[in-house]
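Given next are the chains, with one letter for each unit.
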Amino acid sequence: MTIPLENLFEDYKRHVAKINAALNANLSPCIPLVKKIGDYILQGEGKRLRPLFFVLSCGLCNYTKADIYHLSTIFEYIHVASLLHDDVLDNSELRRKKPSANMTWGNHFAILGGDFLCARAYEIAITSNNMAFVHNITHTLSRLVEGQFRELLYSNNLNISKEAYLDIITGKTALLMSCACACGGIVSGAEDEHIRLLGQFGLNMGIAFQLIDDLLDYTSSEEAFGKPVGKDIREGKITLPLIYALSEQDSCEKNRLGDLLKNNRASEDDYRRLVLTVRNSKAIDKVRQEAISFADRAGRCLDSFADSPYKQGLLALNRYVIQRTN
Ligand code: FPP
Ligand code: MG
């Protein structure tokens with residue numbers, strides 16, 4: 001059962017309301033269609049995890065000035081910009097249980113909408129007057145794009161190693177979460193060791209988040225997850241559940257599947273069987289255990305911080321990441 005997000009921790013609703021108000025206030029394009037696309041991608045079932053990581057990390061480092069909500073929008077804008085572009089790359093039809101922006105307005109407008117949101121994120125970052133903060137964000141963006149490059153280069157390659165897979169999910173997902181947490185420490189003027197620990201917390205939690213995302217792609221339902229089951233393999237993404245499930249198969253079967261995928265000859269039936277193979281394998285438990293151990297590692301990164309509602313909030317989000325069903 002999905003955990004009601006508003007019950008996650010004290011003050012969740014208050015922070016999200018302020019984040020949402022800032023997201024709306026900061027989106028002020030001249031062209032109505034840009035606003036429409038921005039609102040559309042922002043209004044889906046967004047959980048505002050990345051702005052929350054930032055706000056809570058600021059609080060953890062005793063920085064609670066009102067401008068944290070303004071700055072927190074950077075992490076949501078970059079995230080939704082990457083989703084707008086990602087849906088074009090994946091030719092996805094659904095995003096957050098609604099027709100994707102590319103299906104609604106076409107690829108050109110979806111890409112430009114993403115470009116606008118990214119540009120807006122830079123503009124807001126610069127208002128911080130903090131070069132370490134701006135640098136952390138721009139560096140993360142380069143690595144995010146490289147994560148996506150890597151994923152594309154490994155498309156339909158059944159020989160991908162677990163290490164290469166972890167590199168991909170670190171780049172495309174975990175680094176932005178890590179950046180949101182570390183940046184909370186940076187704007188707060190926290191000591192270097194605390195900034196490093198916050199970055200490590202976000203990184204490990206982000207890896208756990210994507211492991212669960214890749215697991216749900218095989219185990220969930222379209223209704224619960226908001227995207228079709230088995231979407232990853234149909235898009236050529238070889239994720240850890242499949243890597244583990246295939247390691248239980250003989251090399252003959254693995255080569256047969258590899259040929260089908262590489263030559264784009266896999267039928268609907270092949271995909272359905274692959275999903276069942278993964279579901280019936282030990283891979284599901286193994287990947288869940290991996291996600292739990294990354295989340296445990298993340299939790300330990302906060303050990304040296306004094307207890308506070310902000311710390312409890314971050315730890316609750318860390319637990320949510322591995323328990324979520326959508
Ligand atoms: C979703 O993954 C995609 C990402 C987390 C990152 C996408 C990054 C880019 C397209 C690089 C360009 C970045 C910017 C900021 C413009 P997924 O396809 O596995 O998840 P999904 O099933 O939700 O689509
Ligand atoms: Mg995608």
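Refer to the structure printed above.
The structure presented is a predicted model; accordingly, all values stated were derived computationally and were not measured.

Colleague: Sorry, what's going on with the coordination of the magnesium ion (ligand 2) here?
Modeller: Metal coordination angles have textbook ideals: 109.5 degrees for a tetrahedral set of four donors and 90 or 180 degrees for an octahedral set of six. The magnesium ion (ligand 2) binds to the protein through Asp86 (OD) and Asp90 (OD), with metal-donor distances spanning 2.0 to 2.1 Å. Taken as a pair, Asp86 and Asp90 lie in helix H4 (residues 67-90) at a separation of 4 residues, close to a single helical turn. Residue classification places Asp86 among the buried residues on the basis of a relative accessible area of 14%. Look at Asp90 and you get buried, because its relative accessible area is 15%.

Colleague: For this particular structure, what's the right way to read the pattern of salt bridges?
Modeller: Per the counting criterion, the structure on display carries 20 salt bridges. Two residues, Arg196 and Glu193, come together in a salt bridge whose shortest N-O distance is 2.8 Å. You can see Arg196 and its partner Glu193 sitting in helix H9 (residues 192-219), 3 residues apart, about one turn around the helix. According to the relative accessible area criterion, Arg196 is partly exposed, its value standing at 45%. A salt bridge links Arg272 to Glu268, with the shortest nitrogen-to-oxygen separation between them at 3.9 Å. Of this pair, Arg272 and Glu268 both sit in helix H14 (residues 268-279), 4 residues apart, roughly one helical turn.

Colleague: Hey, could you run me through the environment of Gly184 in this one?
Modeller: Structurally, the position occupied by Gly184 is in helix H8 (residues 162-187). Owing to a relative accessible area of 0%, Gly184 belongs among the buried residues under this scheme. Along the primary structure Gly184 and Ile68 are separated by 116 residues, whereas in three dimensions their C-alpha atoms are 8.5 Å apart. Not counting residues up to four positions away in its chain, the partners in contact with Gly184 are Phe54, Ser57 and Cys58.

Colleague: Is there a simple way to think about a nonpolar patch on the surface in this case?
Modeller: A cluster of nonpolar side chains, Val145, Phe149 and Leu153, forms an exposed patch at the surface whose accessible area comes to about 340 Å². Structurally, Phe149 is set in helix H7 (residues 131-153).

Colleague: Would you explain the nonpolar core in this entry?
Modeller: Counting 113 residues, the largest nonpolar core has Phe54, Ile74, Phe75 and Phe133 as the members making the most contacts within it. For this core, the element with the most residues is H8, which contributes 16 residues. Those residues in contact with Phe133 that lie beyond four places of it in its chain are Phe54, Leu71, Ile74, Phe75, Ala125, Ser128, Cys183, Ile186 and Val187.

Cut-offs and rules
Residues numbered from 1 in each chain as written. Chains lettered and ligands numbered in written order. Predicted model: local features only at pLDDT ≥ 70, side-chain atom pairs only at ≥ 80, totals over all residues. Heavy atoms only, no water. Donors = N, O, S within 2.8 Å, 3.2 Å for Na, K, Ca; no water. Helix = DSSP H or I, 4+ residues; strand = E, 2+ residues; numbered from the N terminus. Buried < 20%, exposed > 50% of the residue type's maximum accessible area, 1.4 Å probe, protein only. Salt bridge = Lys/Arg side-chain N within 4 Å of Asp/Glu carboxyl O. Contact = heavy atoms within 4.5 Å. Patch = residues over 30% accessible without salt bridge, like charges linked within 9 Å, V, L, I, M, F, W, Y side chains within 5 Å. Areas by Shrake-Rupley, 256 points an atom, 1.4 Å probe, with all protein chains shown as cover. Core = buried A, V, L, I, M, F, W, Y, C linked by side-chain atoms within 4.5 Å.

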